[in-house]
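Here is how the chains run, residue by residue.
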Amino acid sequence: MPVLESVTLRARDAIKGLWREAAKFGVVGVLAFVVDNGGYNLLVFGLPGGAAGGVMRTAPVQASVVATAVAALFSWVGNRYWTYRGRHREKVTEELVLFLVANGAGLAITAGTVFASRQLLGLDSALSDNTARIIGWVLATLFRFYAYRRYVFVAPRPAGPHPAVSIRHMGQTGWRRRGRQHWTWALTAVAAVCWAATVLVFAPGYLSPDSLDQLRQARGMTQLTDWHPPVLALVWRALIAVTGSITSLLVVQSFVFWAALWVLARCVWRLTASRGGSLAVLGLGLLPYVLTFVGVVWKDVHAAFALLAACAVAFTGLLLRDRDPRPAVRWGLLALGVLFLAYAMLVRKNAFLAAIPVFVMLVLALWGTPGRRTWVTCTAALAAALVVPAAAISLFAAPLQTKQGAQIMLDDLVHVLTVDELRSVDVSPALRDRLVASARECERVGALSDAYWACYRRPADGLRGDSDAITSLWLREMSGHVPQYLQYRLLLFTTLLFETDYVYKAGITRNDLGVEVAHPRLEDLLGTYVKGMAQDLPWLFRGWFWLAVALVLTIRPGRGVFAMPVRALGVSSAAYILGYLPIMPATDYRYVYWPAIACSLGMLLLLLGRGRPAPPPTAPGATAGRTLTAHEPADAGSQ
């Protein structure tokens, strides 16, 4: 009886404490609701009886953002200093990030019930909408209550000698390992859901005219050409042969993207023990300026995802480096990273500029202080991974040579030379007439670039017949028009930086293949999400912003554990953007898509690495010592 009575008393006390905590949580939630709705009405409509309206009466969207932000801040303060006043994390920033993530998930749950009611069940009455909102509100509240107790407001673990404190490779307790495994599985579940949702929204893959051209080549309907990367069409052809579905490429490219983010998130979690930081890494994939192209079948997207996957391999090497992995593990990781880098360069030629800093990061992450022989071997592996597939494609697939490079020279000629100068150039009369007509048409329509598609009267063979003459003419004329050439190129590059266009690819271009978007309503939802952010925060879709961030990451990468990767991401992004100066054919946002992803990751790593000293470099073959991470203090009893 005494034992049963003791258990009963403890259970009663626990239930009483839980109900008390739930009551406080509910009070804070109700007050936050009042602050949100009351603040919005006050900002938009003013005080009751006022005829003039509120101070933000002309900006209701911004007023809603302000009111929601104030309510969220109130909720965090109320829960931190009242509901969970005895359970605070040591790092306020980490607690706040986890709080915002939990609330974001709650908003997604609420919106998800309405979406399910409208889009899946086909209900559109006021009763069904309000019922769905109430169900969503209940589920979101239960989720936030659980998340606050389990992840957000958590008392810090005691420092000093304690069975919970562990040292890497030594004496990890069972519950510590289980905690790591549980969070890894949580990250896996989040990444899997995001991957499945991406495939659902973008199915069968958003396709531009370029994408449709490659689809025809992948199906064997038209001849394989090198105007667009033949490697992409060949990979698509192989996937269609295996699966019988054109959606297979979307599934693969989305998997590579979310798998790379998952690996990066897991490495961040293992290196920093920051749940909020690891979730934030996965959250990068949901940002509007990243999500916009995740399911678009474009060479720019494939290059960006391959570079991101190579970064994930490098972080795996960084995580394993102090464990002195076997040479086979190091070389296996190098081979995988080099494979991704080679694909990025094969699918997008100018990705070479972005791939080199990532390659350096990969080698440094795996070896720490590689010797000359290691550098030579690794470089040779990268060259072989690039040259061998390119030669094999050229030899066995034999794509049609389209002389695409002349497209850039055509732009220079019709925009740098005047019409009178073009009339007197030493080329065939037919080409001269086309150049003059192209210059006039570009001036008429105001086309600053992309003259081949916008202004040029293309013959049946495209640029193949004109390419040699255009190249010779470009070499002769540009040497005598250096100031005008530089002025034009700088003007075009400035346009990319400050007037970046094409921030969203809406669905599938009309085609004769019968390919349509599988879920038009989801497409509209995504378009509203992306274009709404592009309208409210346009600088997130501008080249100048990401170039500025890249330069900051390059110059000031910090001194923490992520200093080397942060600098590599900055250099890669800056080199990729600046590399467009002489070769840019248009001003599309996809040309800064990789810098947007890389710089976002770099900024997050810079924040997470603050205060965490970088591990000392490990010489090749050296035995890793008993390395301590910043979040695992030494056990006093283990000396």
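Procedures and definitions
Residues numbered from 1 in each chain as written. Predicted model: local features only at pLDDT ≥ 70, side-chain atom pairs only at ≥ 80, totals over all residues. Heavy atoms only, no water. Helix = DSSP H or I, 4+ residues; strand = E, 2+ residues; numbered from the N terminus. Contact = heavy atoms within 4.5 Å. Areas by Shrake-Rupley, 256 points an atom, 1.4 Å probe, with all protein chains shown as cover. Phe/Tyr/Trp six-rings, centres within 6.5 Å; stacked < 30°, edge-to-face > 60°. Buried < 20%, exposed > 50% of the residue type's maximum accessible area, 1.4 Å probe, protein only. Lys NZ or Arg CZ within 6 Å of the ring centre and 35° of its normal. Axes fitted to C-alpha atoms, helices over the stretch in contact; angles between N-to-C directions. Parallel < 35°, antiparallel > 145°, perpendicular 65-115°, else oblique. Expected span 1.5 Å × (residues − 1). Core = buried A, V, L, I, M, F, W, Y, C linked by side-chain atoms within 4.5 Å. pLDDT = per-residue confidence, 0-100. Polar contact = N/O pair within 3.5 Å; in protein donor to acceptor, adjacent residues only side chain to side chain. Left-handed = near helix turned anticlockwise from the far one by under 90°. 1 Å grid on protein atoms, 1.4 Å probe; cavity = no way out; pocket = protein on both sides within 12 Å on 5 of 7 lines; lining within 4 Å. Points joined across faces, edges and corners; volume = space filled by probe spheres on them. Nonpolar A, V, L, I, M, F, W, Y, C, P; charged D, E, K, R; others polar. Arc of directions from axis to C-beta. Salt bridge = Lys/Arg side-chain N within 4 Å of Asp/Glu carboxyl O. Patch = residues over 30% accessible without salt bridge, like charges linked within 9 Å, V, L, I, M, F, W, Y side chains within 5 Å.

**What to know about the overall build of the protein chain**
Secondary structure summary: the protein chain contains 24 helices and 0 strands in total. Summarising the internal contacts of the protein chain: among those between residues at least 6 apart in sequence, 75% fall at separations of at least 24. Per element, the accessible surface of the protein chain, about 30900 Å² overall, is 66% carbon and sulfur.

**A closer look at the packing of aromatic side chains**
Considering all chains together, one arrives at 27 aromatic pairs under this definition. Ring centres of Trp227 and Tyr452 lie 5.2 Å apart, and the angle between their planes is 35°; this geometry places the pair in the tilted category. In this pair, Trp227 sits in the loop between helix 6 (209–218) and helix 7 (230–243) while Tyr452 sits in helix 18 (residues 451–454), placing the two residues 225 residues apart along the sequence. The exposure class of Trp227 is buried, given its relative accessible area of 11%. Its relative accessible area of 6% is what places Tyr452 among the buried residues. Geometrically, the ring pair formed by Tyr589 and Tyr593 is edge-to-face, given 6.4 Å between the ring centres and 75° between the ring planes. Geometry around Tyr452 places Arg458 over its ring, the cationic atom sitting 5.3 Å from the centre. The ring centre of Trp298 lies 4.7 Å from the NZ or CZ of Arg590, which sits over that ring.

**Section: the packing of helix 11 (residues 299–320) against helix 24 (residues 593–608)**
Packing of helix 11 against helix 24 brings their axes to within 8 Å, and their N-to-C directions diverge by 30°. As summarised for this structure, helix 11 and helix 24 are arranged roughly parallel, according to the angle between their axes. Residues Val301, Ala304, Phe305, Leu307, Leu308, Cys311 and Phe315 of helix 11 lie in contact with helix 24, whose contacting residues are Tyr593, Trp594, Ile597, Leu601 and Leu605.

**Here we look at helix 8 (residues 248–272)**
Look at helix 8: 36 Å from first C-alpha to last across 25 residues, which is about the 36 Å you get at 1.5 Å a residue. After helix 8 finishes, the residue Ala273 shows a positive phi value of roughly 60°.

**Examining the nonpolar core**
Trp236, Leu308, Trp546, Phe562, Tyr589, Tyr593 and Trp594 are the most contacted members of the largest nonpolar core, which totals 168 residues. With 16 residues, the top contributor of residues to this core is helix 11.

**A short note on the confidence of the model for the protein chain**
Scored by pLDDT, the protein chain has a mean of 83; 82% of the residues are at 70 or more. Across residues 159–175, where pLDDT falls below 50, the model places 38 contacts with residues more than four positions away in sequence or in other chains. Across residues 619–639 the pLDDT falls below 50, and counting only partners more than four positions away or on other chains, this stretch makes 45 contacts in the model.

**Quick notes on unusual backbone geometry**
Cis geometry is adopted by the peptide bond preceding Pro204, which originates at Ala203 and carries an omega value of -5°. Checked against the element boundaries, Pro204 lands in the loop between helix 5 (174–202) and helix 6. Backbone geometry at Lys403 places phi at a positive 60°, although glycine is not the residue there. One non-glycine residue with positive phi stands out, namely Asp450, at about 55°.

**Remarks on the side chain of Gln253**
Mapped onto the elements, Gln253 comes out in helix 8. Looking at Gln253, its side chain comes within polar contact range of the main-chain oxygen of Val296, at 3.1 Å. Setting aside residues up to four positions removed in sequence, Gln253 forms contacts with Val294, Gly295, Val296, Val297, Val301, His302 and Phe305.

**Brief notes about the packing of helix 22 (residues 543–555) against helix 23 (residues 563–578)**
Axis separation between helix 22 and helix 23 bottoms out at 7 Å; the angle between their running directions is 140°. Here helix 23 runs oblique to helix 22, going by the angle between their axes. Here helix 22 and helix 23 pass one another in a crossing that is left-handed. In this structure, helix 22 uses Gly543, Trp546, Leu547, Ala550, Leu551, Leu553, Thr554 and Ile555 to contact helix 23, whose residues at the interface are Val566, Arg567, Gly570, Val571, Ser573, Ala574, Ile577 and Leu578.

**Points about empty space enclosed by the protein**
Per the stated rule, a full pass over the model turns up 2 cavities of 30 Å³ or more. For the largest cavity, the calculated volume is near 40 Å³. Lining the largest cavity are Asp210, Ser211, Gln214, His228, Val297, Trp298, Lys299 and Arg590. Here the lining of the largest cavity takes 3 residues from helix 6, the largest share from any one element. Looking at side-chain class alone, the lining of the largest cavity contains 2 nonpolar, 3 polar and 3 charged residues. Size it by volume and the second largest cavity reaches roughly 30 Å³. Lining of the second largest cavity is provided by Phe257, Leu261, Leu284, Gly285, Val290, Ala596, Ile597 and Ser600.

**Observations concerning helix 21 (residues 520–536)**
What sets the pattern is the α-helix's 3.6 residues per turn: residues three or four places apart point alike. Helix length check: helix 21 (17 residues) gives 24 Å between terminal C-alpha atoms against 24 Å at 1.5 Å per residue, within 8%. Burial in helix 21 covers these residues: Leu522, Glu523, Leu526, Gly527, Val530 and Ala534. Viewed along the axis of helix 21, the buried residues span an arc of 135°, placing them on a single side of the element. Residues Arg521, Asp524, Leu525, Thr528 and Gln535 are exposed on helix 21 and point more than 90 degrees away from its buried face.

**Describing the side chain of Asn350**
With respect to the helices, strands and loops of the structure, Asn350 is situated in the loop between helix 12 (327–347) and helix 13 (352–367). Asn350 sits in the buried class, given a relative accessible area of 11%. Within the structure, the side chain of Asn350 is placed 3.2 Å from the side chain of Tyr580, a separation counted as a polar contact. If sequence neighbours within four positions are ignored, Asn350 has contacts with Tyr576, Tyr580 and Ile583.

**Notes on the pattern of salt bridges**
Per the counting criterion, the structure on display carries 8 salt bridges. The closest approach of N and O atoms between Asp300 and Arg348, which form a salt bridge, is 3.6 Å. You can see Asp300 sitting in helix 11 and its partner Arg348 sitting in the loop between helix 12 and helix 13, a full 48 residues away along the chain. Residue Asp300 is classed as buried on the basis of its relative accessible area, which comes to 2%. Exposure remark for Arg348: the relative accessible area of 10% places this residue in the buried category. Across the pair Arg590 and Asp300 runs a salt bridge whose closest N-O atoms are separated by 2.7 Å. Pair noted here: Arg590 is in the loop between helix 23 and helix 24 and Asp300 is in helix 11, with a separation of 290 residues, a long-range link. Across the pair, exposure class does not vary: Arg590 and Asp300 are buried alike. Among the ionic contacts, a cluster of salt bridges with common partners joins Asp300, Arg348, Asp588 and Arg590.

**Concerning a nonpolar patch on the surface**
On the surface, Ile134, Ile135, Val138, Leu139 and Leu142 cluster together into a nonpolar patch covering about 450 Å² of accessible area. As for its position among the elements, Leu142 is in helix 4 (residues 126–152). Judged by relative accessible area, which is 54%, Leu142 ranks as exposed.

**Some remarks on the environment of Val190**
Within the element layout of this structure, Val190 appears in helix 5. The spacing of Val190 and Trp262 is 72 residues in sequence and 8.9 Å in space, taken between C-alpha atoms.

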